[in-house]
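# Structural characterization, general
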Amino acid sequence: MKKAITALLFAGGALLLTGLALAFLVAPMAVNQKGVEIFSQKIFYFHVPVSETSLLAFVLGAVFGAMFLVNKNPKYDFLSLAAVEIGFVFGLLVEWTGVIWTRAEWGVWWTWEPRLTSYFILMLMYAGYFVLRSSVNEESAKARFSAVYSIVAAVNAPLTFFAIRLIPSVHPVVFDSSGAHMEASMLAAFLVSMSGMLIFSTALLLLRYQLQTAREELDYLKNEFGG
Amino acid sequence: MPAGRQIAAIIKKDIIAELRTKEMVVSMLLFILLIMVAFRSAFGELGDISDFAGGLLWIAFLFTSLLGLNRSFVHEKDESCLEGLLLSPVDRPNIFFGKMLGNLIFLSAVELVAIPLYIALFNLTIKGSIPLFIAAVLLSNIGICTIGTLLSTISINTKLRDMLLPLIFLPLSSPLLIAAVVTTNKIMNGAAGQAFEPAVGAIKLLLAYDIIFLLLAYALYDFVIGE
Amino acid sequence: MSAVPEIEVKNLSKFFGKRKVLDKVSFSLEKGGFISLFGPNGAGKTTLIKIISTLMAPSEGEVRLAGVDPRKDSAAVRARIGLISHNPLLYMDLSAEENLRFYGAMYGVEKLAPRVNDLLDRVELTHRRYDLVRTFSKGMIQRLAIARALLHAPSVLFLDEPHNGLDPHAVEIFENLLDGIRKDHTFIMITHNIERGLELCSKAMILYNGRVVFHHDREGIDIDTFREIYRERVRGDA
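Source: prediction; values computed, not measured.

For chain C, the count of helices and strands is 8 helices and 9 strands. Computed over its C-alpha atoms, the radius of gyration of chain C comes to 18 Å, within 12% of the 18 Å expected for a compact globule of 238 residues. With respect to the principal axes defined by its C-alpha atoms, chain C has extents near 50 × 40 × 40 Å. When each of the 238 residues of chain C is scored for burial, the buried share is 56%. For chain C, contacts bridging at least 24 residues in sequence account for 69% of all contacts bridging at least 6. Accessible area of chain C: about 10200 Å², with a carbon and sulfur share of 48%. Put simply, chain C has 34 plus and 32 minus side-chain charges, and the middle of one group is 6 Å from the middle of the other.

If you want it as structure tokens, here you go:
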């Protein structure tokens, strides 16, 4: 397992760096309707992969949660926890890069842009996940409740996205994954960046899973021999 | 075992207990009245709050529902009556429906008093269709009680007990809140045609939310209520 | 001799995380039998009862009640068992009658009204049937709990330290009721009261650290012998 993780980390890291290099050095500067160059669009190569990974991680969290409920094997609980953590951290990155972009583009730190707002609510939902986990001592209950919550939260996410779009007169959608209208070199940078992010985050997930398993093992040994 | 008889018995028991102590309904009503006073103080200068009246109403209802949802399981937990329920041959999802319908009845009863009061106190009118208004309120209530009953079953079994519920309930109920507010606002303002579009979407979202979470709660309740 | 034992437990283990609370517990009890279960606190007695009464799932092993696996047909198993524990499992804000009617509905008891009347009579609570349980004394609450447990005519009864906190009147009523249903009913009783426990049982069992350390028919065991055995098997505990 260790070798696989190291390999993934390196592969992912390498791809990410390549992607970033491509983004800054090879891909042409984006140009807005008025023909003015916008440098801050570059953040798109990072922001979108991060957001897609975050959502994917949350979905995985729910899937692993469901597997735990069916299977009762604690390893699925650890995998679910790792996935939700990755999703949460990456989600924070989404907010952060979004904030930076907004500041660069419009000079304000925050606007109620649909995607940013949706992610904000998503972060609140998953913050609840961690509070829930820490408020249950008994392990089987902790795992069960977390699994159910991860499923409920993941189902809730798309509903939240739809709901936000219902609000009339909210700021127009800016962060769209409609990156398909990009030129070839931009697309290349984007795809490299995206795949790098996915591989890298898989490595992080496995790493976190290992850490959790080791931690449980340590706790058990402490109880057995520590007294 | 006839499910209907069991569900009806649970609802009846909760209603009898509540009619005797009146703990839930009185505190919920008082809470709403206090919120209205707070609103009045905040918006005192404004003559016409009809543009955001719906929003204020649902903030009040959402927070009030927390009071009711918490109480409904406190008795079961405190007197270990939950064990008595679990020992009986009742299917776990039937416990969910019994509790959820009980919560629905209490919330609707409180709203029955609060809404006319609210309209009178703030000089509002429902310019749109009243049956549609009532339907929207009911659909939102069902959503609140479904997700609320599921989550309060979880929260009552944790260290934080009823203090956890707001943390996990409020983010997850965001789509509900948004949809309910959009619909209520539009109906109260008598919006029609193009302007009413978002409300149509919102009602569809409410329906989708209710159906999805009723099914999800049915499937997952076993895991949160047993050991 | 009926072929299928009323209660059968095979290699039952329960872990909380990695902590073993029950370790390969095995025993069986024929219909009409009575096990008195002894052991220090934390030995796993209540956990064992919770698992057999379907409140908890086992981590390993099997439980069968009259040949039925609760994991396959939990409703059927639950309909046949009753539990009397230190928690009365009664709603304080409901009257005695309302409590019984509620549980009657949950258990699908037919002809509920006469049954409720009969049980209230047997536990001598008819005169308080409309009063809220909140106003009852501890002894009355326990008597009502007995009525609740017997409402659906279970064939298996689990008693978790039932004498706890009972006044002599309540003990008398309880013992009379127990006597009345001894035949054809199967019991497992957790108790710390060696005299009463041995008097009532057909088999005695001691649980220590999640393991069965003693399991024997009642015949030939007097109180002193049993005390010796207990001291021996349960290290360092009275």
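Right, let's get into empty space enclosed by the protein. All names here are of chain B. Taken as a whole, this structure holds 3 cavities of 30 Å³ or more when the rule is applied. Taken as a whole, the largest cavity holds about 180 Å³ of empty space. Those elements giving two or more residues to the lining of the largest cavity turn out to be α1 (3–21), α2 (23–42), α3 (53–78) and α5 (92–121). Looking at which element gives the most residues to the lining of the largest cavity, the answer is α1, with 5 residues. Here the residues of the lining of the largest cavity are counted per class, giving 6 nonpolar, 3 polar and 9 charged. Of the voids in this model, the second largest cavity is the one considered here, and its volume is about 50 Å³. Those elements that provide at least two residues to the lining of the second largest cavity are α2, α3 and α5. Here the lining of the second largest cavity is composed, by residue class, of 6 nonpolar, 3 polar and no charged.

Further remarks concern the interface of chain B and chain A. On the chain A side, the residues contacting the 31 residues of chain B number 29 residues. For the pair chain B and chain A, the summed buried surface comes to about 2600 Å²; carbon and sulfur atoms form 81% of the total. The largest per-residue losses of area from chain B upon contact with chain A belong to Leu172, Ile178 and Phe223 of chain B, which jointly make up 22% of the total buried on that side. One can count 3 residue pairs in polar contact (both at pLDDT 80 or more) joining chain B with chain A.

Once that is clear, we can look at the packing of helix α2 (residues 44–71) of chain A against helix α3 (residues 74–106) of chain A. Residues and elements named next belong to chain A. Following both chains from N to C, one finds α2 and α3 inclined at 160°, their axes separated by 7 Å at the closest point. Judged by the inter-axis angle, α2 sits roughly antiparallel to α3. For the pair α2 and α3, the sense of crossing is left-handed. In terms of residue class, the contact of α2 with α3 is made up of 18 nonpolar, 12 polar and 1 charged.

Right, let's talk about the packing of aromatic side chains for a bit. Given two aromatic rings, their pairing is described by the distance between the two centres and the angle made by the two planes. All names here are of chain B. Scanning the model with the defined rule gives 18 aromatic pairs over all chains in all. Here Phe96 and Phe97 contribute two aromatic rings whose centre-to-centre distance is 5.5 Å and whose plane-to-plane angle is 65°, an arrangement assigned as edge-to-face. Classification of Phe97 by relative accessible area gives partly exposed; the value is 22%. Plain terms: the ring middles of Tyr209 and Phe213 are 4.6 Å apart, the flat faces sit at 40° to each other, and that makes the pair tilted.

We now examine the packing of α5 of chain B against helix α6 (residues 130–155) of chain B. Residues and elements named next belong to chain B. Taken N-terminus to C-terminus, the directions of α5 and α6 make an angle of 135°; their axes are 9 Å apart at the nearest point. Put simply, α5 runs oblique to α6. Note on packing geometry: the crossing formed by α5 with α6 is right-handed. Along the contact surface, α5 presents Phe96, Lys99, Met100, Asn103, Leu104, Leu107, Ser108, Glu111 and Ile115, while α6 presents Phe133, Val137, Asn141, Ile142, Ile144, Cys145, Thr146, Thr149 and Leu150. Here the residues of the contact of α5 with α6 are counted per class, giving 11 nonpolar, 5 polar and 2 charged.

This next bit is on the environment of Tyr103 of chain C. Structurally, Tyr103 of chain C can be placed in helix α3 (residues 96–106). A residue is classified by how much of its surface remains accessible, and Tyr103 of chain C, at 1% relative accessible area, is buried. The spatial distance from the C-alpha of Tyr103 of chain C to the C-alpha of Ala149 of chain C is 9.1 Å, given a sequence separation of 46 residues. Leave out the neighbours within four places in its chain, and Tyr103 of chain C touches Cys81 and Gly84 of chain B together with Leu89, Tyr91, Arg148 and Leu151 of chain C.

Attention now moves to the sheet that holds strand β6 (residues 156–160) of chain C. All names here are of chain C. Taken in spatial order, the 6 strands line up as β5-β6-β7-β3-β8-β9 in an open sheet, and their pairing is mixed. Where the open sheet ends on each side, the last strands, each with one partner, are β5 (81–84) and β9 (211–217). Adjacent strand axes in the sheet meet at a mean angle of 15° when their direction is disregarded. Here β5 pairs with β6 via 4 bridges, running parallel. Looking at β6, one finds that Ile81 is bridged to Val156. The sheet strands contacting helix α5 (residues 138–150) are β5 and β6, and the helix crosses β5 at an angle near 170°. Together, β5, β6 and β7 (186–190) form the strand contacts of helix α6 (residues 168–181), whose direction differs from that of β6 by roughly 155°.

With that settled, the discussion passes to the sheet that holds strand β1 (residues 7–16) of chain C. Residue and element names in this part refer to chain C. Within the open sheet, the 3 strands sit side by side as β2-β1-β4. Their pairing is antiparallel. Among the strands making up the open sheet, the edge pair consists of β2 (19–29) and β4 (60–65). In this sheet, adjacent strand axes meet at a mean angle of 20° when their direction is disregarded. Bridging between β1 and β2 involves 7 bridges; their strand directions are antiparallel. In the strand pairing of β2, Phe15 is matched with Lys20. Each of β1, β2 and β4 is contacted by helix α1 (residues 45–52), which is oriented at about 60° to β2, the strand it contacts most.

Scoring rules and cut-offs
Residues numbered from 1 in each chain as written. Chains lettered and ligands numbered in written order. Predicted model: local features only at pLDDT ≥ 70, side-chain atom pairs only at ≥ 80, totals over all residues. Heavy atoms only, no water. Helix = DSSP H or I, 4+ residues; strand = E, 2+ residues; numbered from the N terminus. Rg over C-alpha atoms; globule rule 2.2 N^0.38 Å. Buried < 20%, exposed > 50% of the residue type's maximum accessible area, 1.4 Å probe, protein only. Contact = heavy atoms within 4.5 Å. Areas by Shrake-Rupley, 256 points an atom, 1.4 Å probe, with all protein chains shown as cover. Lys, Arg positive; Asp, Glu negative; His and termini not counted. Charge placed at Lys NZ, Arg CZ, Asp CG, Glu CD. 1 Å grid on protein atoms, 1.4 Å probe; cavity = no way out; pocket = protein on both sides within 12 Å on 5 of 7 lines; lining within 4 Å. Points joined across faces, edges and corners; volume = space filled by probe spheres on them. Nonpolar A, V, L, I, M, F, W, Y, C, P; charged D, E, K, R; others polar. Buried area = accessible area lost by both parts, 1.4 Å probe. Polar contact = N/O pair within 3.5 Å; in protein donor to acceptor, adjacent residues only side chain to side chain. Axes fitted to C-alpha atoms, helices over the stretch in contact; angles between N-to-C directions. Parallel < 35°, antiparallel > 145°, perpendicular 65-115°, else oblique. Left-handed = near helix turned anticlockwise from the far one by under 90°. Phe/Tyr/Trp six-rings, centres within 6.5 Å; stacked < 30°, edge-to-face > 60°. Pairing = 2+ DSSP bridges.

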